[in-house]
Amino acid sequence: MQYQTESWGCSYMPSSRGALGGDPLEHIERLASENAVVIFSMSSCCMCHAVKRLFCGMGVNPTVYELDEDPKGKDMEKALMRLLGTSPAVPVVFIGGKLVGSMDRVMASHINGTLVPLLKEAGALWL
């Protein structure tokens, strides 16, 4: 089940497809490797909204997993907190299957000019 939002053009997908059990971190890594840009988010989080707007405004079509709308979202959120070593756990961005980090790391990469090359290398941006 994948759907497109008309206003942003971002892909929103349920994260529980295909894996009913197992380690949440392995599940996150698998989901992160399936698309060029993956954002783990909460639908009510303003920072998540901002990072989604940043990518969509750049012409990138990220795949977004809304953890608060997923039955395994709490376990995935705990795994993301362990991965990052911080709280809150979202937003978390992966580009090309590699962890970029949360909003501060994404914005720092955008400001210092390293975000666009990462997106191009991952095939998420062509120009």
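Refer to the structure presented above.
Structure report, in brief. (Residues numbered from 1 in each chain as written. Predicted model: local features only at pLDDT ≥ 70, side-chain atom pairs only at ≥ 80, totals over all residues. Heavy atoms only, no water.)

## A few points about helix α2 (residues 46-57)
Residues spaced three or four apart along an α-helix face the same direction, because each turn holds 3.6 residues. The first and last C-alpha atoms of α2 sit 16 Å apart over twelve residues, in line with the 16 Å expected at 1.5 Å per residue. Taken as a whole, α2 has its buried residues at Cys48, Val51, Lys52, Leu54, Phe55 and Cys56. Trailing α2 by a residue or two, Gly59 shows a phi angle of about 90°, which is positive. (Helix = DSSP H or I, 4+ residues; strand = E, 2+ residues; numbered from the N terminus. Expected span 1.5 Å × (residues − 1). Buried < 20%, exposed > 50% of the residue type's maximum accessible area, 1.4 Å probe, protein only.)

## With respect to the packing of helix α1 (residues 24-33) against helix α3 (residues 73-84)
Where α1 meets α3, the axes come as close as 8 Å, and the angle between the chain directions of the two elements is 85°. In terms of orientation, α1 lies roughly perpendicular with respect to α3. Within the contact between the two elements, α1 uses Pro24, Leu25, His27, Ile28 and Leu31 and α3 uses Asp75, Met76, Ala79, Leu80 and Leu83. In terms of residue class, the contact of α1 with α3 is made up of eight nonpolar, one polar and one charged. (Axes fitted to C-alpha atoms, helices over the stretch in contact; angles between N-to-C directions. Parallel < 35°, antiparallel > 145°, perpendicular 65-115°, else oblique. Contact = heavy atoms within 4.5 Å. Nonpolar A, V, L, I, M, F, W, Y, C, P; charged D, E, K, R; others polar.)

## Looking at the packing of aromatic side chains
Scanning the entire structure with this criterion turns up two aromatic pairs. Aromatic side chains Phe40 and Tyr65 sit 5.4 Å apart centroid to centroid with 20° between the ring planes, which places their arrangement in the stacked category. Here Tyr65 lies in strand β4 (residues 63-66) and Phe40 lies in strand β3 (residues 37-41), a separation of 25 residues in the sequence. The same class applies to Phe40 and to Tyr65, which are both buried. Their ring planes at 80° and their centres at 5.8 Å tell us that Phe40 and Phe94 sit as a pair that is edge-to-face. Here Phe40 is found in strand β3, whereas its partner Phe94 is found in strand β5 (residues 92-95), with 54 residues between them in sequence. Members of the aromatic cluster, joined through ring pairs, are Phe40, Tyr65 and Phe94. (Phe/Tyr/Trp six-rings, centres within 6.5 Å; stacked < 30°, edge-to-face > 60°.)

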